[in-house]
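# Breakdown of the fold
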Amino acid sequence: MGTAVPTRAPVAIVGAGMIGRGWAIVFASAGHPVSLWDPDAQALAQALVFVRDKLRVLHAGGLAPEAPDIVMSRITCHPDLRACVAGAVHVQENGPENLERRIALFRELDALAPAHAVIASSTSGMPPSAFTADLPGRARCLVAHPPNPPYLLPLVEVCPAPWTSAQAVDRTMDIMHAAGRKPARMTHEKDGFILNRLQGALLAEAFRLIDEEVVSVRDLDNVIKHGLGLRWAFMGPIETVDLNAPGGIADFCARYGGLYEALQQQMMPRPWSPALVERVALARRTELPLTGIEARQSWRDQELLALAAHLAARAREAGS
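Residues numbered from 1 in each chain as written. Predicted model: local features only at pLDDT ≥ 70, side-chain atom pairs only at ≥ 80, totals over all residues. Heavy atoms only, no water.

With that settled, consider the overall build of the chain. Helix and strand counts for the chain stand at 13 helices and eight strands. Relative to a compact globule of 320 residues, whose C-alpha radius of gyration would be 20 Å, the chain shows 21 Å and is just as compact. When its C-alpha atoms are laid out on the principal axes, the chain stretches across 55 × 50 × 40 Å. A buried classification covers 40% of the 320 residues belonging to the chain. For the chain, long-range pairs separated by at least 24 residues make up 69% of all intrachain contacts whose partners lie at least 6 apart in sequence. (Helix = DSSP H or I, 4+ residues; strand = E, 2+ residues; numbered from the N terminus. Rg over C-alpha atoms; globule rule 2.2 N^0.38 Å. Buried < 20%, exposed > 50% of the residue type's maximum accessible area, 1.4 Å probe, protein only. Contact = heavy atoms within 4.5 Å.)

Right, dumping it as structure tokens:
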């Protein structure tokens, strides 16, 4: 398997759920011919409606320079999996988070996909070794995990199995970069990858502070929304602390290392008890009834769209 990825080479999207639809938008917007497959014909039809609608929003927001009809012309639905993956250089699997079903699907993909194709999974937490161990073509298999929605959040966590070839990882990094993604290359497997481990650490302390009645659910969210989150929208936690001391990160660690070491001793994990979950859920449902979640999700996506447009404009200014 060579390392070069042909420009605008065919990409196969396996699974037309929320993440699969997002990948279709990403790759078709980057100029790739996209083949989309799902065992449910209705899901394929719904996916096309969803993709067209989101492309209109992205185009209106300045994040998709081409007209929606042009991008849509690159997407073809296939009822047959073999036809979907034929000729693909990259196969992106988006099946249910079920190990047995993913093992079966990867066995099928390994048999059907061209020998030169990389086969990537969008799984949120399954290590690739769990579902590729017995495959003849396991060296070309890995995880390429996006946050949701992929067309608004450019991160892709690229996680190899112990037997994944360096060429497969390189090709995945290349195709993601070319599609405007921001891939993070992992050197080896770690449960939950990077994003969910960091989110899990923050959630663990958030639930602890709520459990100990240090802060309300609303005010805890406000701390992130009006503090850490504003900085983290355009720089990571390491750069954040590097800029928070005159002498950079070494100076920051000298000044505050003792404080953080002491705090870590107080942050031993504790279970999220049913009573605690009920308390947090009650606070959230008081703030937002379940009937309002879908509308709030749409609001979230509009805010992400505006933020992405702002960051893109700032990047263009910096490059000019």
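Now, onward.
Residue Pro149 is reached from Asn148 by a cis peptide bond, and omega for that bond is 5°. Examined against the element boundaries, Pro149 turns out to sit in the loop between strand 6 (141-145) and strand 7 (155-160). Positive phi, normally seen in glycine, also occurs at Phe193, with a value near 60°. Looking at where Phe193 falls in the secondary structure, it is placed in the loop between strand 8 (182-185) and helix 8 (195-211). Of note, the phi angle at Glu213 is positive, near 60°, even though the residue is not glycine. In this fold, Glu213 is placed in the loop between helix 8 and helix 9 (217-232).

Two elements in contact, helix 8 and helix 12 (residues 274-287), have axes whose closest approach is 11 Å; the angle formed by their N-to-C orientations is 90°. Taken together, helix 8 and helix 12 sit at an angle that is classed as roughly perpendicular. Listed contacts from helix 12 to Phe207, Ile210 and Asp211 of helix 8 are Leu276, Arg279 and Val280. (Axes fitted to C-alpha atoms, helices over the stretch in contact; angles between N-to-C directions. Parallel < 35°, antiparallel > 145°, perpendicular 65-115°, else oblique.)

Residues Phe27 and Val51 are the most contacted members of the largest nonpolar core, which totals 39 residues. Non-local contacts of Phe27, meaning those with residues more than four positions away in its chain, are made with Val11, Ile13, His32, Val34, His90, Ile175, Met176 and Ala179. Counting residues in hydrophobic clusters, the runner-up holds 23 residues, among them Ala12, Val14, Trp37 and Leu105. (Core = buried A, V, L, I, M, F, W, Y, C linked by side-chain atoms within 4.5 Å.)

So, on to the side chain of Glu189. Relative to the elements of secondary structure, Glu189 occurs in the loop between strand 8 and helix 8. A distance of 2.7 Å separates the side chain of Glu189 from the backbone nitrogen of Ser129, its partner in a polar contact. Ignoring any residue separated from it by four or fewer positions in sequence, one finds Glu189 in contact with Pro127, Pro128, Ser129, Cys159, Pro160, Ala161 and Pro162. (Polar contact = N/O pair within 3.5 Å; in protein donor to acceptor, adjacent residues only side chain to side chain.)

For the coordinates displayed, the defined rule picks out 15 salt bridges. Note that Asp211 is salt-bridged to Arg270, the shortest N-O span being 3.0 Å. A residue pair is termed long-range when its members are at least 10 positions apart, and Asp211 in helix 8 and Arg270 in the loop between helix 11 (248-265) and helix 12 qualify at 59 residues. Exposure remark for Arg270: the relative accessible area of 33% places this residue in the partly exposed category. Residue Asp251 is joined to Arg255 by a salt bridge in which the shortest nitrogen-to-oxygen separation is 2.9 Å. Here Asp251 pairs with Arg255, and both are found in helix 11, just four residues apart, close to one helical turn. Three or more residues are tied together by salt bridges with common partners; here these are Glu205, Arg208, Asp211, Glu212, Arg270 and Arg279. (Salt bridge = Lys/Arg side-chain N within 4 Å of Asp/Glu carboxyl O.)

Interfaces are often described in size by the accessible area the parts lose on coming together. Domains assigned within the chain are domain 1 (11-185) and domain 2 (194-287). Taken over C-alpha atoms, the centre of domain 1 sits 32 Å from the centre of domain 2. (Domains from an automatic or database assignment.)

Let's shift gears to the UniProt feature "domain: 3-hydroxyacyl-CoA dehydrogenase C-terminal" (unreviewed entry) in the chain. Under the UniProt annotation, "domain: 3-hydroxyacyl-CoA dehydrogenase C-terminal" (unreviewed entry) lies at residues 192-285. Annotated as residues 192-285, this span is 73% helix and 0% strand, and its ends, taken at the C-alpha atoms, are 28 Å apart. (UniProt positions renumbered as here; feature names shortened; annotations may be inferred.)

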